[in-house]
Amino acid sequence: MIKLMETPMLALRLRRSAGDRGDVIYVHGSTFGADLSVFFAFDGRSWADELNDAGFNVWGFDFAGYGASERYPQDDAIPAGRLHDVQAQLHRVVRAVRERNGGRRVMLLAHSWGGSVAACYAGDHPQELSALVLFAPIVTRSAATVAGACVPAAAGMASHYPLTAWAQYRRFVEDVPRGQPQLLSEAHFQQWSAVFLASDADAASRTPPAVLTPAGPQIDVRALWSGHALYDPARIDTPTLLVRGEWDSVCADADAVRLLATLGASVKVCKTIPRATHLMHLESSRGLLYNAVNDFLLRSST
């Protein structure tokens, strides 16, 4: 693990490939970091392994407030880790990777709220990127569009909120249609949730056990779903793949169509993964996601 020691300290991890197709930086979402996503192994195999086999070096990092990175102070007045506050953190990671790869451009692979962070970054720093993958991104909606919808709330303290394993489990099951089998086995969820709770050394001291999670991303989602654009998709000219799950209510089909239409990139592709939700990278259809991303990145790296 590499520690980027500027303030706040960020944990950066590399899984190097024997190939030389380029460098992929994973940008995680709002509730768990890289070790619980791109590096998490189901039955001994992770998404990073799939990317490595395709020839890509995989870099995963945790934003401040997650995983092995430095924690924000608890402040009742300031939601921690909002999109525009973490842009400098992503810039530090991209700079560190490019310092180690001879200055080559990198590819960003981003999930959910992390997709908004990556999209904003792509608009500001196109010269640093060769490809952008947004899977299950959060897209700006009008207030009328989401009237009556369940908009995430930053419960608890203003800077952070406690997130339990049960709350995470609900996210895995809430979009699965009635009568359909679950997309993550109980055994796999038990393994995953144990690592999730272990990501916060103080989780066991709370009742019930919970990970203290930065509230800023939830404020960002509320802003996006209230019609406030946090970045301009028209500024993105990097080749872009947008992937959503068939059953994802957070990134619905209309969201994907709207974002794709407003992207400035001349190369933009949209894929829908069947039988998948917002957490498709951890579900039974994850192999289809891996294949779609590998195919796009391989075309972008030639």
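Just above, that's the structure.
Read on for a plain summary of the structure. Note that residues are indexed from 1 along each chain, following the sequence as it is written. Where totals are concerned, whole chains, interfaces and linings use all residues; where local detail is concerned, this predicted model gives features only for residues with pLDDT of at least 70, and gives and counts side-chain atom pairs only at 80 or more. For side-chain calculations, the full set of non-hydrogen atoms in the structure is used, while hydrogens and water are omitted.

So, on to the packing of helix α4 (residues 165-173) against helix α5 (residues 186-198). Interaxial angle, 0 to 180 degrees, is taken between N-to-C directions of lines fitted to C-alpha atoms, where a helix line uses only the stretch in contact. Segments assigned H or I by DSSP are reported as helices when at least four residues long, segments assigned E as strands when at least two residues long, and all are numbered from the N terminus. Orientation of α4 relative to α5, taken along the N-to-C sense of each, is 135°, at an axis distance of 10 Å. As summarised for this structure, α4 and α5 are arranged oblique, according to the angle between their axes. With respect to the hand of their crossing, α4 and α5 are arranged in right-handed fashion. Residues Ala165, Gln168, Tyr169 and Phe172 of α4 touch α5, and the partners they reach there are Glu186, Phe189, Trp192, Ser193, Phe196 and Leu197. For the contact of α4 with α5, the class distribution of residues is seven nonpolar, two polar and one charged. Oblique is the label for any angle not covered by the other classes, which are roughly parallel (under 35 degrees), roughly antiparallel (over 145) and roughly perpendicular (65 to 115). A crossing counts as left-handed when the near helix is turned anticlockwise from the far one by less than a right angle, and as right-handed when that turn is clockwise. We call two residues in contact when some of their heavy atoms are within 4.5 Å. In this classification, the charged set is Asp, Glu, Lys and Arg, the nonpolar set is Ala, Val, Leu, Ile, Met, Phe, Trp, Tyr, Cys and Pro, and all remaining amino acids, among them Gly, are polar.

The next point concerns helix α8 (residues 286-300). The end-to-end C-alpha separation of α8 is 21 Å, in line with the 21 Å expected for 15 residues at 1.5 Å each. Buried within α8 we find Arg286, Leu289, Tyr290, Ala292, Val293, Asn294, Phe296 and Leu297. Take the number of residues in a helix, subtract one, and multiply by 1.5 Å to get its expected span. Any residue under 20% of the maximum accessible area for its type is buried, any over 50% is exposed, and the rest in between are partly exposed; the area is computed with a 1.4 Å probe on protein chains only.

Before going further, it helps to spend a moment on the pattern of salt bridges. In a structure, side chains of opposite charge can pair up when their charged atoms sit close to one another. Throughout this description, the term salt bridge denotes a Lys or Arg side-chain nitrogen within 4 Å of a carboxyl oxygen of Asp or Glu. Across all of its chains, the model carries 13 salt bridges by this definition. Asp124 serves as the salt-bridge partner of Arg235, at 2.7 Å between the closest nitrogen and oxygen. Here Asp124 lies in helix α3 (residues 113-124) and Arg235 lies in the loop between α6 (216-224) and β9 (240-245), a separation of 111 residues in the sequence. A relative accessible area of 46% means that Arg235 is categorised as partly exposed. If you follow the salt bridges from partner to partner, you end up with Glu6, Arg92 and Arg95 in one network.

Moving on: the side chain of Arg286. Inspection of the secondary structure puts Arg286 in helix α8. Positive charges are assigned to Lys and Arg, negative charges to Asp and Glu, while His and the chain termini are left out of the count. Within the buried core, Arg286 has no salt-bridge partner, and the shortest N-O distance to an opposite charge, that of Asp43, equals 4.9 Å. In this structure Arg286 touches Phe42, His188, Met280 and His281, once residues within four positions along its chain are discounted.

Strands sit in the order β1-β2-β4-β3-β5-β6-β9-β10 across an open sheet of eight strands; the sheet is mixed. Taken across any chain shown, the strands that pair with only one partner, and hence form the sheet edges, are β1 (2-4) and β10 (268-273). With direction set aside, neighbouring strand axes in the sheet form an average angle of 20°. For two strands to count as paired, DSSP must find a minimum of two bridges between them.

Let's shift gears to the packing of aromatic side chains. The criterion for an aromatic pair is that two Phe, Tyr or Trp rings (for Trp, the six-membered ring) have centres within 6.5 Å, with stacked assigned to planes under 30 degrees apart, edge-to-face to planes over 60 apart and tilted to the rest. Overall, the coordinates contain 14 aromatic pairs when judged by the stated rule. Arranged with centres 6.3 Å apart and planes meeting at 70°, the rings of Tyr26 and Trp47 form a pair that is edge-to-face. With Tyr26 in strand β3 (residues 22-27) and Trp47 in helix α1 (residues 47-53), this residue pair connects regions lying 21 residues apart in the sequence. Taken together, a centroid distance of 6.2 Å and an interplanar angle of 25° make the contact between Phe189 and Trp192 stacked. Within this pair, Phe189 and its partner Trp192 are both found in helix α5, separated by three residues, close to a single helical turn. With respect to class, Phe189 is no different from Trp192; both count as buried. Three or more aromatic residues joined by ring pairs make a cluster, and in this case those are Phe32, Trp166, Tyr169, Phe172, Phe189, Trp192 and Phe196. Placement of a charge over a ring requires the Lys NZ or Arg CZ to be within 6 Å of the ring centre, with the centre-to-atom vector within 35 degrees of the ring normal. The ring of Phe42 carries Arg286 above its face, with NZ or CZ at 4.3 Å from the centroid.

Before going further, it helps to spend a moment on the packing of helix α2 (residues 83-100) against α3. Any two packed helices are characterised by the angle at which their axes cross and by the distance between the axes. The contact between α2 and α3 brings their axes to 10 Å, and the two run at 70°. Classified by the angle between their axes, α2 and α3 sit roughly perpendicular to one another. On α3, the residues touching Leu83, His84, Val86, Gln87, Leu90, His91 and Val94 of α2 are Trp113, Ser116, Val117, Ala118, Cys120 and Tyr121. When grouped by side-chain class, the residues that make up the contact of α2 with α3 number nine nonpolar, four polar and no charged.

Before going further, it helps to examine α3. With twelve residues, α3 should reach 16 Å at 1.5 Å per residue; the first-to-last C-alpha distance of 17 Å fits that figure. Counting buried positions over the twelve residues of α3 gives eleven, a clear majority of the element. The complete set of buried residues in α3 reads Trp113, Gly114, Gly115, Ser116, Val117, Ala118, Ala119, Cys120, Tyr121, Ala122 and Gly123. Its buried side turned inward, α3 meets β3, α2, β5 (106-111), β6 (129-135) and α6.

To continue, consider the state of the cysteines. To count as a disulfide, a pair of cysteine sulfur atoms needs to be within 2.5 Å. One pass over the structure, following the stated rule, counts zero disulfides. A disulfide-free cysteine, Cys270 has its sulfur positioned 7.7 Å from the sulfur of Cys251, the nearest such atom.

Quick look at the pairing of β9 now. Of all six residues making up β9, six are buried, and the element is well covered by its neighbours. What you see with β9 is no split at all: Thr240, Leu242 and Arg244 on one side and Leu241, Val243 and Gly245 on the other are buried throughout. With four bridges connecting them, β6 and β9 associate as parallel partners. Across the sheet, residue Leu134 finds its bridge partner in β9, namely Leu242. Pairing analysis gives six bridges linking β9 to β10, with the strands arranged parallel.

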